[in-house]
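So you can see what is in the structure, the chains are spelled out below.
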Amino acid sequence: MTTPTSTSPAPLTAARVLWAKVDTGFWVVHRGGEYFGCVDQVAGGFVSRDAHGVPVGRYDTLDTAKASLRSTTHPANVSRRRRFERATVLTATGVGGTTLALALTAGALAPYL
């Protein structure tokens, strides 16, 4: 009688990374078969973006831009993501507050119209 062997999935760090140049000055990366990010050539450098389109950073060389996507848990990448999320929350709060103020003003003025 044979016993089934348990296989654990390979860790993401061991997943195959595949870069593809899809256009002039634009590269995408797949990691473990899933879209992982891209690097876009801009005036004076390269901008890398993670799988969600969030900018990771601007770099002088293609190799450093590609390297920035190797670890999205790097402290620099985590702090960029937190700043982006904080800015999103602040923007949403400001828009929501303005909308509430306008709604209250319209409600208060409605009896006089």
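Residues numbered from 1 in each chain as written. Predicted model: local features only at pLDDT ≥ 70, side-chain atom pairs only at ≥ 80, totals over all residues. Heavy atoms only, no water.

### Notes on the overall build of the protein chain
The helix and strand inventory of the protein chain stands at two helices and five strands. When its helices and strands are written in sequence order, the protein chain yields β-β-β-β-β-α-α. Per-residue burial for the protein chain yields a buried fraction of 22% across its 113 residues. If you take every contact in the protein chain between residues at least 6 apart in sequence, the share linking residues at least 24 apart comes to 16%. Here the protein chain has roughly 8400 Å² of accessible surface; of this, 62% comes from carbon and sulfur atoms. (Helix = DSSP H or I, 4+ residues; strand = E, 2+ residues; numbered from the N terminus. Buried < 20%, exposed > 50% of the residue type's maximum accessible area, 1.4 Å probe, protein only. Contact = heavy atoms within 4.5 Å. Areas by Shrake-Rupley, 256 points an atom, 1.4 Å probe, with all protein chains shown as cover.)

### Quick notes on the sheet that holds strand β4 (residues 45-50)
Read across the open sheet, the five strands follow the order β1-β2-β3-β4-β5; overall the sheet is antiparallel. Pairing within the sheet leaves two strands with one partner each, and these edge strands are β1 (17-23) and β5 (55-59). Averaged over neighbouring strand pairs, the angle between their axes works out to 20 degrees when direction is ignored. Inspection of the sheet shows β1 paired to strand β2 (residues 26-31) by six bridges, in the antiparallel sense. Residue pairing across strands places K21 opposite W27, the latter belonging to β2. (Pairing = 2+ DSSP bridges. Axes fitted to C-alpha atoms, helices over the stretch in contact; angles between N-to-C directions.)

### Remarks on the nonpolar core
Judged by nonpolar contacts, W27, V29, F36, V39, F46, V56, Y59, L62, A65 and L69 together constitute the single largest core of 10 residues. Counting only elements with at least two residues in this core, the list comes to β2, β3 (34-42), β5 and α1 (62-68). Those residues in contact with L69 that sit more than four places away from it in its chain are W19, V29, R31, F36, G37, C38, V39, S48, R49, D50 and V56. (Core = buried A, V, L, I, M, F, W, Y, C linked by side-chain atoms within 4.5 Å.)

### Describing the confidence of the model for the protein chain
On average, the protein chain scores 81 in pLDDT, and the residues at 70 or more come to 79%. Predicted confidence is poor over residues 1-12, with pLDDT under 50, and the contacts of this stretch with residues over four places away or in other chains come to one contact. (pLDDT = per-residue confidence, 0-100.)

### Examining the pairing of β4
Counted residue by residue, β4 has five buried out of six residues, so it is predominantly covered. In sequence, β3 turns back onto β4 through a hairpin of two residues, with G44 there showing a positive phi of about 85 degrees. Strand direction decides the pairing type here: β4 and β5, joined by four bridges, are antiparallel. Looking across to β5, one finds that S48 is bridged to G57.

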